[in-house]
2 protein chains.
Amino acid sequence: MYSAVIDELIEKFERLPGIGHKSAERIAFYMLENMSEKDAEDMAGTIIKAKKNVRLCECCQNLTDESVCSVCSSPKRDKSVICVVEGPEDVSAIENTHEYNGLYHVLHGALSPMDGIGPDDIKINELLLRLADGEVSEIILATNPTVNGTATAVYISKLLLPFDVRVTRIAHGIPIGSDIEYADKITIIKALESRQLMN
Amino acid sequence: MYSAVIDELIEKFERLPGIGHKSAERIAFYMLENMSEKDAEDMAGTIIKAKKNVRLCECCQNLTDESVCSVCSSPKRDKSVICVVEGPEDVSAIENTHEYNGLYHVLHGALSPMDGIGPDDIKINELLLRLADGEVSEIILATNPTVNGTATAVYISKLLLPFDVRVTRIAHGIPIGSDIEYADKITIIKALESRQLMN
């Protein structure tokens, strides 16, 4: 019902994840009413620049604008541990804790036979290649605790059997600060199964 | 923690209304991982094009890419009624009902003395100018039922006293399909005050 170019702008924002029609309208109107022409041009420029320059790190497959990302190239990181995650947002979440000092490996997805996503569609081979020099002593499988994430972790752990490397899975249980009464059944079962000795 | 250009992209999305840091990250990663370079360029192009071409309708002040918007220039619309709203999103919401056939007037805000927004900062004068030819017989004040929106409606209704025009306010009450028990106090009070005879 708007003029074609406004409809087009709304439709573009609507395609982004987590943005419905109402939010897309709100964003479009904000841009048209409140943003300066310079800011809008800056935004458009950043989209083009990012899309052009960002690629996958040759080593960990995380998004970067260099050939090797800042984590992989940092001399301060412990190169004997690799934390395997599904996506760049997981790297971000773990980095924000400032507690992990090893490297990462980004799979860019999880195995999902239902959607036709097999081992060759995610970065599993690239992980195996990183183990060639024998420098890695532990692989932490930090894929999501979903059916696909768990299947991916199990699949990778089997592939890693021939390698002389410790394979671990991040713990699942009741989140800190939340109430047991609100936890779902599977989480409670996992938390009970993984109970740890306190004395 | 990402490379500079990724951080920049996230930061740009974070500035849009209703998008927090997490959502901005998600959108940025979606663009970098799942969008084709062409789609990203299209999006950037649309932002620039929209920002360049969209202006305010000379008549109703709604956003448009023509000098007079499609509603104002339509011969099918009833030019004797003007519905006054705060923003283009309100026009969109009312148009979606397909029940209103009059014209609109977009104020681009509401009076807000606390934020220093006075009568000259919103499109009130433009509304008065539209009454000059005596063609308009009713003004529906459809500003939001907030403190600022109500104050704006009251202010405009006073300005319209010298004009030979019917001034109405949209009704407020319990939304259709919702429960009275969940309505807030003010809405219930308004609904009781505006009760209507049924027989």
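As a reminder, the structure under discussion sits directly above these lines.
Overview of the structure. (Residues numbered from 1 in each chain as written. Chains lettered and ligands numbered in written order. Predicted model: local features only at pLDDT ≥ 70, side-chain atom pairs only at ≥ 80, totals over all residues. Heavy atoms only, no water.)

A word on the overall build of chain A. On a plain count of helices and strands, chain A comes out with eight helices and six strands. Ordered by position in the sequence, the α and β elements of chain A form the string α-α-α-β-β-α-β-α-β-α-β-α-β-α. Computed over its C-alpha atoms, the radius of gyration of chain A comes to 21 Å, more than 25% above the 16 Å expected for a compact globule of 199 residues. Along the longest, intermediate and shortest principal axes, the C-alpha atoms of chain A span 65 × 45 × 35 Å. Put simply, chain A has 199 residues, and 41% of those count as buried. (Helix = DSSP H or I, 4+ residues; strand = E, 2+ residues; numbered from the N terminus. Rg over C-alpha atoms; globule rule 2.2 N^0.38 Å. Buried < 20%, exposed > 50% of the residue type's maximum accessible area, 1.4 Å probe, protein only.)

Within the largest apolar cluster, 40 residues are counted, with the highest numbers of intra-cluster contacts made by F13 and I47 of chain A together with F13 and I47 of chain B. Of all elements in the fold, only α1 (4-14), α2 (21-34) and α3 (37-53) of chain A together with α1 (4-14), α2 (21-34) and α3 (37-53) of chain B reach the threshold of two or more residues within this core. Not counting residues within four places of it along the chain, the set of residues in contact with I47 of chain B comprises L9, F13, M31, A40, M43 and I47 of chain A. (Core = buried A, V, L, I, M, F, W, Y, C linked by side-chain atoms within 4.5 Å. Contact = heavy atoms within 4.5 Å.)

Turning our attention to the relation of the copies chain B and chain A. Least-squares fitting of chain B to chain A yields an RMSD of 0.1 Å, with the transformation described by 0.1 Å of translation along the axis and a rotation of 180°. As the rotation angle and translation indicate, the two copies are arranged about a two-fold axis. Residues of chain B ranked by C-alpha distance from the rotation axis are headed by A44 of chain B, positioned 2.1 Å from it. Most of the interface of chain B is mirrored in chain A, where 100% of its interface residues again form contacts. (Least-squares fit on C-alpha atoms with pLDDT ≥ 70 in both.)

Attention now moves to the packing of α1 of chain A against α2 of chain A. Residue and element names in this part refer to chain A. Two elements in contact, α1 and α2, have axes separated by 8 Å at closest approach and are oriented at 125°. It follows that α1 is oblique to α2 by the angle criterion. As for the relative orientation of α1 and α2, their crossing is right-handed in sense. Of α2, the residues touching α1 (which contributes I6, L9, I10, F13 and E14) are H21, A24, E25, I27, A28, F29, M31 and L32. Each residue belonging to the contact of α1 with α2 can be placed in one class, and the counts come to 10 nonpolar, one polar and two charged. (Axes fitted to C-alpha atoms, helices over the stretch in contact; angles between N-to-C directions. Parallel < 35°, antiparallel > 145°, perpendicular 65-115°, else oblique. Left-handed = near helix turned anticlockwise from the far one by under 90°. Nonpolar A, V, L, I, M, F, W, Y, C, P; charged D, E, K, R; others polar.)

What follows covers the interface of chain B and chain A. Listed by partner, the interface residues are 50 residues for chain B and 50 residues for chain A. Where chain B touches chain A, the interface holds four salt bridges. Here chain B and chain A share 16 residue pairs in polar contact (both at pLDDT 80 or more) between them. Elements that contribute at least two residues to the side of chain B that touches chain A include exactly α1, α2, α3, β2 (63-64) and α5 (88-95) of chain B. The biggest single contributor to the side of chain B that touches chain A is α3 of chain B, with 14 residues. (Salt bridge = Lys/Arg side-chain N within 4 Å of Asp/Glu carboxyl O. Polar contact = N/O pair within 3.5 Å; in protein donor to acceptor, adjacent residues only side chain to side chain.)

What follows concerns the sheet that holds strand β6 (residues 166-169) of chain A. Strands belonging to one sheet form pairs held by backbone hydrogen bonds; the direction of such a pair is parallel or antiparallel. All names here are of chain A. Pairing in this open sheet of four strands is parallel, and the strands run β4-β3-β5-β6 from one edge to the other. Edge positions in the sheet fall to β4 (102-106) and β6, since each has one partner strand and no second. Averaged over neighbouring strand pairs, the angle between their axes works out to 25° when direction is ignored. One ladder, built from four bridges, connects strand β3 (residues 78-85) with strand β5 (residues 138-141); its direction is parallel. Within β5, the position partnered with V81 by the bridge is E138. Of the strands in this sheet, β3 and β4 are in contact with helix α5 (residues 88-95), which crosses β4 at around 160°. (Pairing = 2+ DSSP bridges.)

Here we take up the sheet that holds strand β4 (residues 102-106) of chain B. Residue and element names in this part refer to chain B. The sheet built from four strands is open, its strands ordered β4-β3-β5-β6 with parallel pairing. At either margin of the open sheet sits one strand with a lone partner, and together these are β4 and β6 (166-169). Across the sheet, the mean angle separating the axes of adjacent strands is 25° when strand polarity is ignored. Bridge count between strand β5 (residues 138-141) and β6: four bridges; the pairing is parallel. Residue pairing across strands places I139 opposite V167, the latter belonging to β6. Seen against the sheet, α5 touches β3 (78-85) and β4 and runs at an angle of roughly 160° to β4. Each of β3, β5 and β6 is contacted by helix α7 (residues 147-159), which is oriented at about 170° to β6, the strand it contacts most.

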